[in-house]
Amino acid sequence: MSTATASAATTASAAAKPRLKTSAMIASIAGEGQRTKPAPFGHALVELAKARPEIVGLTADLAKYTDLHIFAQANPDRFYQMGMAEQLLMGAASGLAHEGFMPFVTTYAVFASRRAYDFVHQTIAEENRNVKIACALPGLTSGYGPSHQAAEDLALMRAMPNMVVIDPCDAHEIEQAVPAMAAHQGPVYMRLLRGNVPLVLDEYDYTFELGKAKRLRDGADVLVISSGIMTMRALEVAKALEADKVGVAVLHVPTIKPLDTETILAEAGRSGRMVVVAENHTVIGGLGEAVAGTLLRAGVVPSAFRQIGLPDEFLKAGALPTLHDLYGISTDAMVTSIKGWL
Amino acid sequence: MDTTQLGHNVPLTERAYRIRRNAVLMGEVQGQGYIGQALDIADVLAVSYFHAMRYRQEDPHWEGRDRFLLSNGHYAIALYAALIEAGIVPAEELETYGSDDSRLPMSGMAAYTPGMEMSGGSLGLGLSIAVGIALGLKRKASDNRVYTLFSDGELDEGSVWEAIMSAAHYKLDNLIGIVDVNNQQADGPSTQVMAFEPLVDKLEAFGWFVQRVDGNDMDVVVAAFDAARDHPEPKPRMIVCDTKMGKGVPFLEAREKNHFIRVDAHEWKLALDALDAGRTA
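Residues numbered from 1 in each chain as written. Chains lettered and ligands numbered in written order. Predicted model: local features only at pLDDT ≥ 70, side-chain atom pairs only at ≥ 80, totals over all residues. Heavy atoms only, no water.

Visitor: Explanation requested: the overall build of chain A in the structure shown.
Guide: Each helix and strand in chain A was counted, giving 13 helices and 14 strands. Relative to the globule expectation of 20 Å for 342 residues, the C-alpha radius of gyration of chain A, 19 Å, shows essentially globular dimensions. Each principal axis of the C-alpha atoms in chain A carries an extent, and together these give about 55 × 50 × 35 Å. With 342 residues in all, chain A has 61% of them scored as buried. Considering only residue pairs separated by 6 or more positions, chain A has 79% of its internal contacts joining residues 24 or more positions apart. Carbon and sulfur atoms provide 53% of the accessible area of chain A, an area that totals close to 12700 Å². Charge-centre separation for chain A: the mean point of 30 positive side chains lies 3 Å from the mean point of 35 negative side chains. (Helix = DSSP H or I, 4+ residues; strand = E, 2+ residues; numbered from the N terminus. Rg over C-alpha atoms; globule rule 2.2 N^0.38 Å. Buried < 20%, exposed > 50% of the residue type's maximum accessible area, 1.4 Å probe, protein only. Contact = heavy atoms within 4.5 Å. Areas by Shrake-Rupley, 256 points an atom, 1.4 Å probe, with all protein chains shown as cover. Lys, Arg positive; Asp, Glu negative; His and termini not counted. Charge placed at Lys NZ, Arg CZ, Asp CG, Glu CD.)

Visitor: Is there a simple way to think about the packing of aromatic side chains in this case?
Guide: Two descriptors summarise a pair of aromatic rings, namely the distance from one centre to the other and the angle between the planes of the rings. Summed over all chains, the structure comprises nine aromatic pairs over all chains. Geometrically, the ring pair formed by Phe41(A) and Phe104(A) is tilted, given 6.4 Å between the ring centres and 45° between the ring planes. Here Phe41(A) is found in helix H2 (residues 40-51), whereas its partner Phe104(A) is found in strand E4 (residues 102-108), with 63 residues between them in sequence. Both residues of the pair, Phe41(A) and Phe104(A), belong to the buried class. Each ring, one from Tyr147(B) and one from Phe225(B), has its centre 5.9 Å from the other, and the planes form 15°; the classification is stacked. Note that Tyr147(B) is positioned in strand E3 (residues 146-151) and Phe225(B) in helix H8 (residues 218-230), a separation of 78 residues in sequence. In this structure, Tyr147(B) and Phe225(B) share a single accessibility class: buried. (Phe/Tyr/Trp six-rings, centres within 6.5 Å; stacked < 30°, edge-to-face > 60°.)

Visitor: Can you help me understand the sheet that holds strand E11 (residues 248-252) of chain A in this one?
Guide: Within a sheet, neighbouring strands are paired by backbone hydrogen bonds and run either parallel or antiparallel to one another. All names here are of chain A. If you walk across this open sheet you meet the five strands as E9-E11-E10-E13-E14, and the pairing is mixed. Taken across any chain shown, the strands that pair with only one partner, and hence form the sheet edges, are strand E9 (214-217) and strand E14 (304-310). Strand-to-strand twist across the sheet, computed as the mean angle between neighbouring axes with direction ignored, equals 25°. Pairing between strand E13 (residues 274-282) and E14: six bridges, direction parallel. The residue of E14 that forms the bridge with Thr 282 is Leu 310. Running at roughly 170° to E11, helix H9 (residues 229-242) makes contact with E9, strand E10 (222-226), E11, E13 and E14 of the sheet. (Pairing = 2+ DSSP bridges. Axes fitted to C-alpha atoms, helices over the stretch in contact; angles between N-to-C directions.)

Visitor: I would appreciate a short explanation of the interface of chain B and chain A in the present structure.
Guide: Interface extent is often summarised as the accessible area lost during association of the parts. With 28 residues of chain B in contact, the opposing surface of chain A contributes 25 residues. Buried area between chain B and chain A, both sides added, is near 2000 Å², and the carbon and sulfur share of it is 58%. If you sort the residues of chain B by the area they bury against chain A, Arg139(B), Glu162(B) and Tyr170(B) come out on top, with a joint share of 30%. Our enumeration of links across chain B and chain A arrives at two salt bridges. Its salt-bridge partner being Glu99(A), residue Lys140(B) comes within 2.7 Å of it at the nearest N-O pair. Taken together, chain B and chain A are joined by 12 residue pairs in polar contact (both at pLDDT 80 or more). For the side of chain B that touches chain A, the elements supplying multiple residues, two or more each, are helix H4 (126-139) and helix H5 (158-169) of chain B. It is H4(B) that provides the largest number of residues to the side of chain B that touches chain A, a total of nine residues. (Buried area = accessible area lost by both parts, 1.4 Å probe. Salt bridge = Lys/Arg side-chain N within 4 Å of Asp/Glu carboxyl O. Polar contact = N/O pair within 3.5 Å; in protein donor to acceptor, adjacent residues only side chain to side chain.)

Visitor: Looking at this model, I keep getting lost on the packing of helix H4 (residues 86-98) of chain A against helix H6 (residues 117-125) of chain A. Mind explaining?
Guide: In a packed pair of helices, the relevant descriptors are the angle between the two axes and the axis-to-axis distance. Residues and elements named next belong to chain A. For the pair H4 and H6, the least separation of the axes is 9 Å and the interaxial angle reads 5°. Relative to H6, the element H4 lies roughly parallel. Between H4 and H6, the residues in contact are Gln 87, Met 90, Gly 91 and Ser 94 and Phe 119, Val 120, Thr 123 and Ile 124, respectively. Looking at the contact of H4 with H6, its residues break down into four nonpolar, four polar and no charged. (Parallel < 35°, antiparallel > 145°, perpendicular 65-115°, else oblique. Nonpolar A, V, L, I, M, F, W, Y, C, P; charged D, E, K, R; others polar.)

Visitor: So what exactly am I meant to see when it comes to the side chain of Thr282(A) here?
Guide: Relative to the elements of secondary structure, Thr282(A) occurs in strand E13. Every residue in contact with Thr282(A), bar those within four places of it in the chain, is listed here: Ala151(A), Glu152(A), Leu310(A), Pro311(A) and Asp312(A).

Visitor: Just checking my understanding: could you explain the environment of Val46(A) for this structure?
Guide: Residue and element names in this part refer to chain A. Note that Val 46 resides in helix H2. The spatial distance from the C-alpha of Val 46 to the C-alpha of Thr 255 is 23 Å, given a sequence separation of 209 residues. Those residues in contact with Val 46 that sit more than four places away from it in its chain are Ile 70, Phe 71 and Ala 74.

Visitor: In this structure, what is going on with the pairing of strand E5 (residues 209-214) of chain B? I would like to understand it.
Guide: Remember that side chains alternate between the two faces of the sheet whenever the strand is regular. Note that E5(B) and strand E6 (residues 237-242) of chain B share six bridges and pair parallel. Of the residues in E6(B), the one forming a bridge with Gln211(B) is Ile239(B).

Visitor: Would you take a moment to explain H4(A) for this structure?
Guide: Because an α-helix packs 3.6 residues into every turn, residues spaced three or four apart end up facing the same way. All names here are of chain A. With 13 residues, H4 extends 18 Å from end C-alpha to end C-alpha; this agrees with the ideal 18 Å at 1.5 Å per step. Burial analysis of H4 places 13 of its 13 residues in the buried class, which makes it a mostly covered element. Where H4 ends, the next residue or the one after it, Gly 100, has phi of about 95°, a positive value. (Expected span 1.5 Å × (residues − 1).)

Visitor: Would you mind showing me how to read the pairing of E13(A) here?
Guide: Residue and element names in this part refer to chain A. Burial within E13 is extensive, with nine of its nine residues counted as buried. In this structure, E10 lies alongside E13, joined through five bridges in parallel fashion. When the bridges of E13 are listed, Ser 226 appears paired with Ala 278. The β-α-β motif built from E13, the intervening helix H11 (residues 287-298) and the parallel element E14 has right-handed crossover chirality. (Right-handed = clockwise from strand over helix to strand, strands pointing away.)

In C-alpha cells, the structure reads:
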C-alpha cells in the first residue's frame, strides 16, 4: 500500500508556480480556497456511536484513509482491523450484524464493489443484514489509475437487491447521512469523501433525507440532475451561466437507490428545459441511466436529455484536475458542454 | 426443549442412521442430489446436534443457542435431515424438499429454513461470517460457540484462508471449524483439483488447535468435539474429518462419480435397505 503523497504542497506554493501535477492515490477534491471540513464521516460516526452502543467499525487496512481512524481512536474496543482482506471484511460484518451489532465497514470503493461483490451480495444484501458500507475514492477522485478509480460502483451496487446507495456531495451532507444510514434497517452503501472535504450545502438550507432529491436552485433553461461532487460542480456551473443569462436549476439526488422518482418526474416534467444528468461515474448504469429509465417509463420526454459522466473506458492516471477536464466533469468542461447543447 | 435435557437415551449411531434415512428419503423426492455428502457427514451432524450443541427445537433463534453455519450450501439436504431429526423442522416437510414454495430449497438459504443461520451456495463464505459471529458473541460476553461446517473443496477459496488467519489473530476460541474431507469436488478428487495437504500442518501453522479424525467413527468424532470444546489455549479449533462419500450405502460408496448423484427409481429402496442392514449389524 503506497503512502498518501497528498497535494498539500500546492496550497503553500506561490500563485506563479504551476499547479503540481500528480497522479497520487489520495488527491484532494477541494478546489483552491474552498471551505473544507476534516474527516466528517469519522467525526459523525463517533458522535452517533455515543448513543448507539451496537455500532462497531471494521476496515481492511484502510482506517487512516477512510477516516475510520477517528472512530478507532475514540472507541478502540469497538474497532476491528480485518487486514487487507475485503471478502473477510464483508463476511465478518455480516456475522457481527447477525449477532445484533451495526457494523460500519470501510474500504475503497473499488474493493467493496469489485473485489468483495459476491460477499456483499450473499452475506449482507441477500440476508438483508444491517451493515453500513462507506467507501472512499468513489468515481474519479483518485488519479492513481483504474485500480483505484471506482467508475462502476454505483451501477454494481444499485443492481443489488436490498442495497440502499448514497452518493453525498460534501461534508455537510456526510454528517447528516451517517445517522440516516443508521436509522435505516438494512444494508447501505455510501460513497465516502474523506480527508478535508469541501463544504458547500450548508449555504443552501439543505438537509439530507434518505431517498429524497432536493432542488437547490431554480432556473428556466436547464435542469441539472446530479449526485455526489457533481452537485458541487453543477452549482458552480449555474453561477457561471447566470452571467450569460442562462437559468440553471440544480436537483441534487444523493440517494441513487431508492430513487426519488416523484421529485425527478416533477422537475423534469416542467416543459422547455433541457435535462442534464451529471455524475462522477461511468455513463453506464449510474444516475443518468436511472433517470432516463424513470422518465421513459413515465412517458416524460424533456426537450433534450444529456449525460455528463465518465466514458466507458479505463480511465487514465494523472492529476485530478487534468482528468476532470479531460473527461468533461470539471466545472469549466461542464459549462462548455452545456453551452454547446443550448 | 433445551438440548441439555434432550433424549440422550437414543444412541448417536441411531441418530446418524435416522439422518441418513431422512436424506435418502429427500433424495428420492427429487431423484437426485448431494446424497453422497449427506451420507458422509451424517455422523458429524449427529454429534453436533445430539451431543455438542445447545439449542431449543421450538425456538431456532433462541439467543442462548450455539450457532451452526453450513458454509457448503449444497449440503443442505444433510442439514435438513439433521434439523428434522432434531425436531427443528417438522418431519412432514421432508417430502417438500426442493419443491416450489418449500422451506427446504436444494441449496441452503437462511431466510427459508428454521435453524439455517446463513445462505451458502457460493462457496467459501462461512468461515468469514463465523469470524464475525464469534467476535459478536465475545462482545456480548456469551459463552456460546459457532460451529462451521465446510468442505475440502472450499479450501480452494482464498476467503477461507483470510478467515483462518483472522480467527487466530482474534484468538477466537469460541469458533469450531469442521472440514469435511471426502476428497470429492465437482471436477474430481479435491487433492487433484487443488493440492491442499498437508492440511493439519497448514492449519497449525496458522495458529489453530487442530485434530484430524475418521469422521465416520462415532466415538472419535465425539472425543474430537469434546476436545475442541475443552481445549485450554486461546485458539480457534478445527476438526478435520476424513469421511467416505456415500457412507452406509455400499453401492453409493463404490460409485466413482458421486459428487452429485442421480439414483434410479429402484435404487432408493436398495439404499434404504442398505442403511437398515447397517443399523442392525
